[in-house]
Amino acid sequence: DFSPRCRKEHAVQMESTSPHRTRHERISMRHINQEMKRFNHLMTETEAAYHEVSLKMGFSDSAMQILYAICENGESCLLGDITRLSGMRKQTIGSALRRLEEDGIVFLEAAGGKAKRVCLTKRGKQVASDTVYRILEIEDKIFSSWEKQELDMYIELTRRYLAAFREETGRL
């Protein structure tokens, strides 16, 4: 059948598989899974929501991530653990820590060898109570509203996605 619709579909198919097209052009011509679009949109919106709350509470994203890591751990956290948990670069963490130290929210102490521990000051404990712990309470309230099976499934699927993503991108 050489109807205009069939000729157009054939031309698009030939164009998308042409060896002269760039990887970007071949990929952009493929149909992108609707669920993947929804997932990416939700991830972006979730990151934006955390960004907005960080700004609302007077912190940069990096400062809030540091405080979050400390609060999840109690009132202090090893610097190496903050780096590992946050995924931020050491330079970014260093800049944010200097600002938090200048603001009297944290201090650093030796933790054996080259290790350092980031600790909340008295003022930092109050700041954390007014900011990070409020976010943790909101997150806990949301998770507590889910059935245990839903929460377990959400965590397991997120873990599996992350593991598969790391495995696939490790091959790049």
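Up top is the structure.
Residues numbered from 1 in each chain as written. Predicted model: local features only at pLDDT ≥ 70, side-chain atom pairs only at ≥ 80, totals over all residues. Heavy atoms only, no water.

A. Inspection of the overall build of the chain at higher detail. Counting its regular elements, the chain contains 9 helices and 3 strands. When the elements of the chain are put in sequence order from the N terminus, they spell out α-α-α-α-β-α-α-β-β-α-α-α. Counting every position in the chain, which comprises 172 residues, the buried fraction comes to 22%. Nonlocal contacts in the chain, meaning residues at least 24 apart in sequence, comprise 47% of its contacts between residues at least 6 apart. (Helix = DSSP H or I, 4+ residues; strand = E, 2+ residues; numbered from the N terminus. Buried < 20%, exposed > 50% of the residue type's maximum accessible area, 1.4 Å probe, protein only. Contact = heavy atoms within 4.5 Å.)

B. Representation of the pattern of salt bridges. One pass over the full model with this rule turns up 7 salt bridges. A salt bridge links E156 to R159, with the shortest nitrogen-to-oxygen separation between them at 2.7 Å. Linking E156 with R159, this pair stays in helix α9 (residues 148–170), spanning 3 residues, or about one helical turn. Between R171 and E168 there is a salt bridge, with the nearest N and O atoms lying 2.9 Å from each other. Three or more residues are tied together by salt bridges with common partners; here these are E167, E168 and R171. (Salt bridge = Lys/Arg side-chain N within 4 Å of Asp/Glu carboxyl O.)

C. Main features of the nonpolar core. Among the nonpolar cores identified, the biggest contains 25 residues, and F59, I66, L67, I70, I82, L100 and V106 are the most heavily contacted of them. Every element with two or more residues in this core is listed here: α4 (61–73), α6 (90–102), β3 (116–120), α7 (122–130) and α8 (132–144). Counting residues per element, this core draws most heavily on α4, which supplies 8 residues. The residues touching I82, leaving out its near neighbours within four places in the chain, are I66, A69, I70, C77, G87, I93 and V118. (Core = buried A, V, L, I, M, F, W, Y, C linked by side-chain atoms within 4.5 Å.)

D. Summary view of the sheet that holds strand β1 (residues 76–78). Reading across the sheet, the 3 strands line up as β1-β3-β2 and stay open at both edges, with antiparallel pairing between neighbours. Taken across any chain shown, the strands that pair with only one partner, and hence form the sheet edges, are β1 and β2 (106–110). For this sheet the average axis-to-axis angle between neighbouring strands, irrespective of direction, equals 25°. In the sheet, β2 pairs with β3 via 5 bridges, with the strands oriented antiparallel. The residue bridging F107 from the neighbouring strand is C119, located in β3. Helix α5 (residues 79–86) contacts β1 and β3 of the sheet and is inclined by roughly 80° relative to β1. (Pairing = 2+ DSSP bridges. Axes fitted to C-alpha atoms, helices over the stretch in contact; angles between N-to-C directions.)

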